[in-house]
Protein chains: 2
Amino acid sequence: MAFTDLSIAMDAKMLPIQEIAERAGIPGEALEQYGNYKAKINVDLLPPAENLGKVVLVTAISPTPAGEGKSTVTVGLADALKQLEESVMVALREPSLGPVMGVKGGATGGGFAQVLPMEDINLHFTGDIHAITSANNALAAFIDNHLHQGNALNIDPRRITWKRALDINDRALREVTIGLGGPAQGVPRQDGFDITVASEIMAVLCLATSLEDLKERLSLMVVGYTYQKEPVMVRDLGVEGALALLLKDAFKPNLVQTIEGTPAIIHGGPFANIAHGCNSLIATQTARRLADVVVTEAGFGADLGAEKFMHIKSRKGDFHPDAVVVVATVRALKMHGGIVKTELAEANHEAVRRGMVNLAKHVDTIRQFGIEPVVALNRFVTDTDAELAEIFSWAEAEGVQVALTNVWEQGGKGGLELAKLVLQEMERPKDFVRLYDETDSVEEKLRTIVQKVYGGADIQLTDAAQKQLAELKKFGWDELPICMAKTQYSLSDQPKLLGRPEGFTITVREIMPKLGAGFLVCLTGDIMTMPGLPKQPAALKMDVGADGKAIGLF
Amino acid sequence: MAFTDLSIAMDAKMLPIQEIAERAGIPGEALEQYGNYKAKINVDLLPPAENLGKVVLVTAISPTPAGEGKSTVTVGLADALKQLEESVMVALREPSLGPVMGVKGGATGGGFAQVLPMEDINLHFTGDIHAITSANNALAAFIDNHLHQGNALNIDPRRITWKRALDINDRALREVTIGLGGPAQGVPRQDGFDITVASEIMAVLCLATSLEDLKERLSLMVVGYTYQKEPVMVRDLGVEGALALLLKDAFKPNLVQTIEGTPAIIHGGPFANIAHGCNSLIATQTARRLADVVVTEAGFGADLGAEKFMHIKSRKGDFHPDAVVVVATVRALKMHGGIVKTELAEANHEAVRRGMVNLAKHVDTIRQFGIEPVVALNRFVTDTDAELAEIFSWAEAEGVQVALTNVWEQGGKGGLELAKLVLQEMERPKDFVRLYDETDSVEEKLRTIVQKVYGGADIQLTDAAQKQLAELKKFGWDELPICMAKTQYSLSDQPKLLGRPEGFTITVREIMPKLGAGFLVCLTGDIMTMPGLPKQPAALKMDVGADGKAIGLF
């Protein structure tokens, strides 16, 4: 029988979560168990930290649709650091049920570099995303109830920007009309559903520093505009307390373990396009209170997740990564070298050579922040020596540090070389800089990201976006960081422009104020905030045995 | 400061859930903790039971909109039985978030007769209802994806009967159109949302006897019809395994405690109109394995919850209640005596006398099943001696056992008299009979319920219902019990016809096959499967303190 992620996970021997907590220095009274292998951490009951641990950020080159194994490398790197006797924790995002049931199976790493219990983490886990769905839709119901009950705030039903949300892939809910059926059934209007991880509430939960801060951020969320085009916020409806109440447990970080018994915090999972794509700030900061080294990741390629980690998450948390790992695969490099998806398994070292430009750009980007990245070459069985040689000769020529990793097959052992390079890099003094200031104009901030991070020439705002920008300035909302919503497949806003495109212009077609999250989402291209299911959803293979064990989760 | 349910609950000293489990005879390995005061029970790991405990069913007269305190009496009665040194457990339904945020506050009993931790139980609890929401909407997404991806099953988009669901009060979602926005966004069609507790999946979870049975029932759910008007079931889509996987933890009963430390199982919460309104069968049967006496309740008045307990739940479980408590209040009796809602607090013993007819009917109904009921008169501070005297003189004349209860104020002590009557009644030999057989024709089953339980004259089926009935017969679905969907306020199908109406006809306007649940829902009057919010939702008073404690949940 072939190994699958699920079979490996099920054969793994887990330690009781109390034991993991003890290893992490979490006192019993701060632990709220969810079953025997999951727990929430009550951070108010943790002992004060003398100093905070260092942060290793794992990012990637522009990915293939299958992903390059960033979570797997993150977990494997942490387990390798543990083997080197470092005090280490992992901080990851929570998987969304939509992609799990749709395409992906799970999102908990793979092979012998997984977080456990993978079944639970991939299904409902500790209910955080469900709590966000509840809060998101409670708010929507409060808005529509307000319209129905006399509309004292004078909200324009055509200008409600708050959408409903479900943690599911369901294209039929992207555009809907609601409130049909006559006067007893509410006010008819156009609406739509996003996947829950695209809800601003997810971003809020991931950037809040305390329950009070969470409530304050919720109160600032813009839900729509009046007939006089004045913004309407949650605080105008007076329901931030109820929303915070619904989120009080979801806000507590979740403790689990890697397959090698390394403590892992898995908490929050915002989209990496419409939002900032990193686990919660409170998870990262809690891990830093508990361990000397925290390995964490940011979604998609370095142009998206890492850029936002630098400009949004770490800015809010007032820290910076002490090392950055850029994950690359031979497969993705070949794709950037012009090979189509169906032929990626065939040996082709020239394509690898051509594709190196994409990795080179992401390496340059990280260097601009004042950090020398370490490239993790995530090995696949189909990789040939000639292909790997291309990468090493490029790395030598460019002075880039590269480590081969084989954590899927070997766990931490397969990441030891990477871990040693990361430790060296962590110790090196660095001059961290952010590429823009929040006080720069929106156009300047956008241009900085496009030119320095994407390697493009310029930006262009559609008429609609220009109008929105004028509004933002009028309301004084322009001094916020930018959260770009862009395709992950290309450095540009065109998914098929692979490799390292140059001279392109990024078109911003919409600017959405997310005052609760504290950023301005700039939409480029066609960004999907509610995915669809494929013709044969992954769910068709899923089942549960009479013994209660999951079948076909992968 | 006045006592509130929340303040009493928060001041209560809870025992660790392991201790409650130990009291109940649940071995440690069968316990899955959710925090320190909640746990799921893995019933497969319970020791075999030598015999099953007796069942006390708590039901009520036709209620006022505020309810008559049925859950409160259920909890208080169990605590009283414990004070009398009986081995006792409570089995209750899980509260739905919709009403909690809307009107009701919580649904965990009241005063000194509550289940704890009330905050958690009233909010997300152990996530069961969220899992049902996920499964319900995953199924909806699979259906719409099937339409979008070529519609191999030839499903008629106009005849899809499966609706989406959210655990919320949201009238604007009752009637919607989905799939708008062009060919990439699915197939446009009319749709609607129910509150999750009205989902057939909730009924399925509450009637399944094992995980295998759960999956079998899910596979039988009808989701719509083809263009040839043939039924389409979940098994045709092949997703019953995925749905069961999503529900595998939700299917495990939840253990909590009453304020006096009596073990309580709270699990499942189907609507008492569109569904059968009882906690899960597996919860009741698990409690019976663990205790000599199980006190459980059924929703609304005896015409709804108790009738369905007798004909649906206990039939599936092959048992019958050993005693039945009918909860009445002076307030409700006055309402049935013709007093309007705003004047119920004023003394009026003549109105009580006139209103006795409603209670008398419910007492007669229970007697028809071969059980002599005990009336629990749930005392309020506004009750006068003259009002109470009316009830006792009626009871003496009719030979009905009545106990005054004051469990809100006194906990178990306030229910001792009731408990003693119940224990006597439990021991009396009885000749339990169900009023209809599943093999009776649908019309006969309906007529039996209307004449014997509601005290009406006859039934009438609309043309639409007759057509549906003909279809049901054609498919061989008519030998299932009936699940009446009727107003709870009247014995008839007209909410304003209080007291004990006679000679009325019940109009059935729709018959819905629920093959997974295993019953036929017969809709009468205007039954709401998605409630709306009031002008001032309860949520406006809710908040959470910086210490993480709930505020204004009641």
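Chain A goes by Formate--tetrahydrofolate ligase in an unreviewed UniProt entry, where it is assigned to Planococcus glaciei. The record in UniProt for chain A states the following under Catalytic activity (unreviewed entry): "(6S)-5,6,7,8-tetrahydrofolate + formate + ATP = (6R)-10-formyltetrahydrofolate + ADP + phosphate". What the UniProt record of chain A gives under Sequence similarities (unreviewed entry) is the line "Belongs to the formate--tetrahydrofolate ligase family."

1. Thoughts on the sheet that holds strand β12 (residues 222-226) of chain B
Picture the strands of a sheet paired through backbone hydrogen bonds; they go either parallel or antiparallel. Residues and elements named next belong to chain B. In space, the three strands of this open sheet follow the order β7-β12-β13, with antiparallel pairing throughout. A single partner strand is all that each edge strand has here, and the edge strands are β7 (155-160) and β13 (231-233). Here the strands of the sheet are splayed against their neighbours by 50° on average, with no regard to which way each runs. Lying on the sheet, helix α6 (residues 128-148) is in contact with β7 and β12; it crosses β7 at an angle near 135°.

2. Regarding unusual backbone geometry
Residues and elements named next belong to chain A. Cis rather than trans, the peptide bond between Leu 116 and Pro 117 has omega equal to -5°. Inspection of the secondary structure assignment puts Pro 117 in the loop between β6 (113-116) and α5 (118-122). Notably, Glu 85 is not glycine yet its phi reads approximately 65°, a positive angle. Position of Glu 85 relative to the elements: it lies in the loop between α3 (70-83) and β4 (88-92).

3. Here we look at the side chain of His 267 of chain B
Residue and element names in this part refer to chain B. On the secondary structure map, His 267 appears in the loop between β15 (263-266) and α11 (281-290). At 2.7 Å, the side chain of His 267 and the backbone oxygen of Ala 250 are in polar contact. Within the structure, His 267 has its side chain in polar contact with the backbone oxygen of Lys 252 (distance 3.4 Å).

4. Here we look at the relation of the copies chain A and chain B
Turning chain A through 180° and shifting it by 0.0 Å along the axis lays it on chain B, with an RMSD of 0.0 Å. Between the two chains, the operation in question is that of a two-fold axis. If distances are taken from each C-alpha of chain A to the rotation axis, the shortest is found for Tyr 34 of chain A, at 2.1 Å. A symmetric contact is evident, with 100% of the interface residues of chain A recurring at the interface of chain B.

Thresholds applied
Within each chain, residue numbers correspond to sequence positions counted from 1 in written order. Labels follow written order: the first chain is A, the first ligand is 1, and so on. Side-chain atom pairs in this predicted model are given and counted only at pLDDT of 80 or more, local residue features only at pLDDT of at least 70, and totals for whole chains, interfaces and linings cover all residues. Only heavy atoms go into the side-chain values, all of them from the structure, while hydrogens and water stay out. UniProt positions are given in the numbering used here, feature names are shortened, and annotations may be inferred rather than shown by experiment. Pairing between two strands is assigned when DSSP locates at least 2 bridges connecting them. Going along the chain from the N terminus, every DSSP run of H or I of four or more residues is numbered as a helix, and every run of E of two or more is numbered as a strand. Axis angles are defined between N-to-C directions and span 0 to 180 degrees, where every axis is a line fitted to C-alpha atoms and, for a helix, only to the segment in contact. The contact criterion used throughout is that any non-hydrogen atoms of two residues lie within 4.5 Å. N or O atoms within 3.5 Å of each other form a polar contact, as long as, within protein, one can give a hydrogen and the other can take it, and as long as residues adjacent in sequence are counted only when both atoms are side-chain atoms. The atoms used to superpose the copies are C-alpha atoms, taken from residues with pLDDT of at least 70 in both, and the fit is least squares.

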